[in-house]
Every structure is written in structure tokens, then in C-alpha cells.
Amino acid sequence: MSLAKSSTMNFRFDNTYVRLPERFYSHQMPEPVPNPRLIRVNHQLADLLGIDPQWLGSEEGISVIAGNSLPIGADPIATVYAGHQFGSWNPQLGDGRALLLGEVLGTDGERYDIQLKGSGQTPYSRMGDGRAPLGPVLREYIVSEAMARLGINTTRVLAAVTSGSQVIRETPLPGGLLVRVAKSHIRIGTLEFFAARQDFEALQLLVNHVIQRHYPAAADARYPALSLFEMVMAAQAKLVANWQGIGFIHGVMNTDNTLLSGETIDYGPCAFMDTYHPARVYSSIDHQGRYAYRNQPGITHWNMACLGQVLVPLIGDDEKQAVELVKESLQGFAGLFLEENINLLSSKLGLAQATPDDEVLVRDFLNLLESSESDFTLAFRRLSELANPEDGIKSIRELFDFTDDFTPWLTRWRKRMAHKNLALNNTTLNNTARQPDMESTPDTEARQQMLLINPVLIPRNHLIEEVITAATNDGNFAPFHKLMELLDDPFNYHKNRRKYASPPLPEQVVQQTFCGT
Ligand code: AMP
Ligand code: MG
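Small disclaimer: the values here were computed from a predicted structure and weren't measured.

Student: Any chance you could break down the domain arrangement of the chain for me, citing the residues and the numbers?
Tutor: In terms of domains, the chain is made up of domain 1 (4–185), domain 2 (189–339) and domain 3 (349–452). A C-alpha centroid distance of 23 Å is found between domain 1 and domain 2. Every contact between the two is made by 37 residues of domain 1 and, on the other side, 42 residues of domain 2. Both sides together, the interface formed by domain 1 and domain 2 hides about 3300 Å², and carbon and sulfur atoms give 62% of it. Taken as a group, Arg23, His84 and Phe86 account for 20% of the area that domain 1 buries against domain 2, more than any other trio of residues on that side. Linking domain 1 with domain 2 are four salt bridges, by the criterion used here. A salt bridge links Arg213 to Glu103, with the nearest nitrogen and oxygen atoms 3.8 Å apart.

Student: Before we move on, could you go through the nonpolar core and cite the residues and values that matter?
Tutor: Counting residues in hydrophobic clusters, the biggest one holds 126 residues, and the most contacted among them are Leu307, Phe365 and Trp413. The dominant element in this core, judged by the number of residues it contributes, is helix α7 (residues 224–246), at 12 residues. In this structure Phe365 touches Leu349, Ala379, Phe380, Leu383, Phe402, Phe406 and Trp409, once residues within four positions along its chain are discounted. Among the nonpolar cores identified, the runner-up in size contains 28 residues, and Ile62, Leu101, Tyr112 and Leu116 belong to it.

Student: Could you give me a rundown of the coordination of the magnesium ion (ligand 2), with the residues and numbers involved?
Tutor: Distances from the magnesium ion (ligand 2) to its protein donors, namely Asn257 (OD1) and Asp266 (OD), fall within the range 2.2 to 2.4 Å. Considered together, Asn257 and Asp266 belong to a single accessibility category, that of buried residues.

Student: I'd like to hear about helix α9 (residues 319–331), residue by residue, with values.
Tutor: Spanning 13 residues, α9 covers 18 Å between terminal C-alpha atoms, matching the ideal 18 Å at 1.5 Å per step. Among the structural elements, α7, α8 (296–311) and α10 (333–348) are those in contact with the buried residues of α9. The N-capping residue of α9, defined by a side-chain oxygen 3.1 Å from the backbone nitrogen of Lys320, is Asp318.

Student: A description of the pattern of salt bridges should follow, citing residues and the corresponding values.
Tutor: A complete count under the given rule lists 26 salt bridges for this structure. In this structure, Arg382 and Glu385 form a salt bridge, with 2.7 Å as the shortest nitrogen-oxygen distance. Separated by three residues within a single helix, Arg382 and Glu385 lie in helix α12 (residues 376–386), roughly one turn from each other. Residue class for Arg382 comes out buried when judged on its relative accessible area of 0%. Since its relative accessible area comes to 6%, Glu385 is described here as buried. A single network of salt bridges, built from pairs that share partners, joins Asp14, Arg19, Glu103, Arg111, Asp113 and Arg213.

Student: Hey, could you go over the site of ligand 1 for me, with residue numbers and the actual values?
Tutor: As a matter of local geometry, ligand 1 sits amid 16 residues, with Gly94, Gly96, Arg97, Gly130 and Asp266 nearest to it. Here an oxygen atom of ligand 1 sits 2.6 Å away from a polar atom, N or O, in the main chain of Gly94. Between Arg169 and ligand 1, the recorded distance is 3.5 Å, taken from a side-chain N or O atom to a nitrogen atom. Notes on ligand 1: free accessible area 490 Å², of which the protein chains cover 85%. In terms of residue class, the shell around ligand 1 is made up of two nonpolar, seven polar and seven charged.

Student: Break down helix α15 (residues 444–453) for me, with residues and values.
Tutor: Residues Ala446, Arg447 and Met450 constitute the buried set of α15. Buried positions in α15, seen along its axis, are confined to an arc of 100° and lie on one side of it. Those residues of α15 that are exposed and aimed more than 90 degrees away from the buried face are Glu445 and Leu452.

Student: I'd like a rundown of the confidence of the model for the chain, residues and numbers included.
Tutor: When pLDDT is averaged across the chain, the result is 94; 94% of the residues are at 70 or more. The low-confidence segment residues 422–436, where pLDDT is below 50, has 24 contacts with residues more than four positions distant or belonging to other chains.

Calculation criteria
Residues numbered from 1 in each chain as written. Chains lettered and ligands numbered in written order. Predicted model: local features only at pLDDT ≥ 70, side-chain atom pairs only at ≥ 80, totals over all residues. Heavy atoms only, no water. Domains from an automatic or database assignment. Contact = heavy atoms within 4.5 Å. Buried area = accessible area lost by both parts, 1.4 Å probe. Salt bridge = Lys/Arg side-chain N within 4 Å of Asp/Glu carboxyl O. Core = buried A, V, L, I, M, F, W, Y, C linked by side-chain atoms within 4.5 Å. Buried < 20%, exposed > 50% of the residue type's maximum accessible area, 1.4 Å probe, protein only. Helix = DSSP H or I, 4+ residues; strand = E, 2+ residues; numbered from the N terminus. Donors = N, O, S within 2.8 Å, 3.2 Å for Na, K, Ca; no water. Expected span 1.5 Å × (residues − 1). Polar contact = N/O pair within 3.5 Å; in protein donor to acceptor, adjacent residues only side chain to side chain. Near = heavy atom within 4 Å. Areas by Shrake-Rupley, 256 points an atom, 1.4 Å probe, with all protein chains shown as cover. Nonpolar A, V, L, I, M, F, W, Y, C, P; charged D, E, K, R; others polar. Arc of directions from axis to C-beta. pLDDT = per-residue confidence, 0-100.

Below you can see the structure in the form of C-alpha cells.
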């Protein structure tokens, strides 16, 4: 089958990556699929990209999403990269089942990569077929869009289709494709690829490209590459703090899955935690627990060390001095993370300005969550309700409430909340759920804020699996659409959302997630 002629829809392409030298990528056409059918179009994202969502759902649009035709101005390439995977160096990776169609200028003035995923083999496919089963396509759509709604920097999904052909894994599975959108797909591993080959010219070109695209202020620094390093570290510190704050476990934090733009990428074996446990691991391939929840900040630091190392040759003429400068910056990572982390967790507790005492309060809360095996999401949500006037219809109390173990902690928290607003409130506090001194505090804003940052709906593993099973086994996409609709509004509870807000029943608990590649 050959590619149909270019489609008529006018994407605002302005492709810059393809202007880099040819050793950055391979030109590659998508391999057409027999019978693509639309799964879903992301209207909000289409609008942002200046692409007509109606057109995306049309026959022409579907054909583009499926890789059966190309929009005018697309210049498809598979990019090359390397990476540290589970700590081991892999000198040769690349887009093995994805193609960058080009970059589109969004209506917000930002530049966005438009990438097809599941579009067939490329020179970097190694043994792979370049295809994606439907399940991982739906998983990426659900989780990445949920992350976006939760305010976490992430790659996104513009649209998805089924391909009409099967992919062979352990069993034959329906195939799918999605259109991934990112500020860019440039990874630590992309820089590592050229650094390992001692291709310093390419390394410098790529660093210039990234600075211009994502961190223009670094261009004016004495050592732009060092400044870039510090800016990427700040972006990654914030990202991993946000993951920790929402109970997100990435599962495969390799350097080829770490974007310099600071967006979350690779929704393979990821998962949101149900019950809180710092050592939680879901990924079926993470045998050592390298990417466990509690290790994520440390692993980000490790990945930053990989980045720093490859930038050394671009920082001045004195290698020894460059190494010292990188080391010094790298030492700042823990501080960057901890500041983001404590600010986020304390605002989740309703304490906007964290004091050292608040850090203790936060740690003690997490320890209690762990010892009581509480649901991470619902515990923060319930706390937000306790800080706000209760509404029976909107309360999750029937799904989750604090056990007696929490009583002394809740007393401390209420006292702190009250003192935050009243210079010093010496009212004796008791342990009942409602506190008159809290209700009378004028700072309702901070308390309402809690309901806006502590979600009630997250893409729980058992819900994702249910949706994937219905679509894969029965071709029924209604549960997928329903879940997408609800996750678009994650901070609102109503009793009719009970099923989606509830933690899994014991028989529904998902213990492992898979890459599905
Ligand atoms: P990932 O685990 O998704 O980060 O993928 C690691 C590498 O394997 C990347 O270079 C992918 O492009 C490649 N890869 C994963 N799945 C496939 C596939 N089905 N066909 C070809 N390449 C693949
Ligand atoms: Mg990857």
C-alpha cells in the first residue's frame, strides 16, 4: 500500500529539528494501515494547535492520524538517541515506532512537536515491528491527559485510531496509533548519543537548539550549557515533586525517557498509587525496584548527573573547571527538589507558607498514611473536606475517613490551620471532626484551595484495565470515553462518581503494569 496524497488541512508547520544535520535523524515515511477508525479527538488540544477538531475526525483527518497520508508541510523523521536504561548504557536507540511529522506553532505562540506513534518500522526499530497494541495507546491517552488536567507538565495526545490490523505480542492484539504532542521530544539520551561519539559539533548544535527552543535566557549566561543544565534541573525537580505529590510512579525513568523540556514522557508501565507505600513498584520489568515511588527524586538526580557529564565539553576551555562547575550545580538538585516538594505537600495540607514545623507535620502525615495503608489520593481529599464546610452529596466520607490513629495528628493540623490565620488562637481544641475555631477563620481561600489541588479522580489502574479490556476484547469504547470525560474534571466529587473515585476492591487491585511494547 502506498501513501495517499497529502491532505488539504493546513497545519501551521515550521520544522526546525529537520534542519539539523542528517546525523540527527532518518527520513522515514509511515507505513499505511488497512482500515483505520477513529477512537477519539482531543478538541481542546486541537484548538490549541490551530487544527480543526472536526477535520481530525473526518476521513482525511483519520487518514493522517493513521499515517496513511501526510498533511501538507509534514517532513517525517525518526530521531536518533541513546540512553541509560535501568542504569546500563545503551549507545543506540531512537524512534523505533514513532515519527516526528514536524513542529506546529500553537495559537499560544508555543512550538509543538507532532509525532505519530505506532506508525511502523524505522531504522531504529531493532527487532520491533514499529507498531503499538491498542491497550498501550489507550493507557497513554488516559494517563497523559489526566496528568495535564492535574496540572503536571506532560506530553499529550491529540487523537487516536485503531489500525484495522493486528499486532502480534504474546497473543494477537488489535493495533492502534496515536498522535503525541510535546514541546519537544529531545531527551537526555539525545545529547548522550552525540557525546558518546565525541561528536562535539553535533552536541553544540543540539544544545543551541534546545536553548533557543526552551531556555532562551541561558543564551546570555557566561556558560550557556551550564545555565541550560541548571534550568533543566529546576524543571525536573519541579516535575518529580509534582509526581510525588500526586502519587504518580513513572516506572521507567531511563535517560532516554527524560525530556529536556521537563515534560513527562513514556506512559508505559506507569501507575498511580492507590494505598500509600513509599517502596511501591508496579512495573513488571523493574525487578530491583530502581524506579520505586520513593526513589524517583534520587533517580532524577542520577539522570541529571548523566546530563551534566555530557555537557562538560561545552563549558569553557578548562575541563577540570567545567567538571567542578557541573558538580557544584548538581549538588543543588536536592535543595531544588526539597523546596518544591515541601511547598507542594504543605499546600496540599492547606498551609501555603511552609514553616520548619510544617515539614514535620507533613512527614508525620505521610508516616501515618503508610502505617494505616491509607489511600493516598482520598486521604488528602478527605483532609480538604475537613477544612471546608461539609456537603453530604459532595463528600467522600463514605469512601474514606480517617481512623483513630489520625486523631492526634488531626488535632495538631487543626491547631496549625487555626493559628495560620488568627495571630494566636489559644482555644482548646478537641478531636471531633468539625472545629468551631477553624470554621470561623477568615482564610476560607486557602481551605477552598485544598479542594482544587487535591483531586478526587485519578486514573486508577483497575479503571484503566477495565477500559482496555472492554475496547480490546469487545471493541467497546464507551467505558474509555466515560473515563476520559470524568478525568477531565478531577477536582469535583458527586455521589454519582462514586465508582470512579473509589479505591479498588481487593479483587480489583492491580499489582503490575507492563510496557506493552
Ligand atoms: P520504550 O520502552 O518505549 O522507552 O522504548 C525503548 C526503545 O524501544 C525505543 O527506542 C523505542 O522506539 C523502541 N521500541 C519500543 N517498542 C517498539 C516496537 N514495537 N517496535 C520498534 N521499536 C520499539
Ligand atoms: Mg521511551
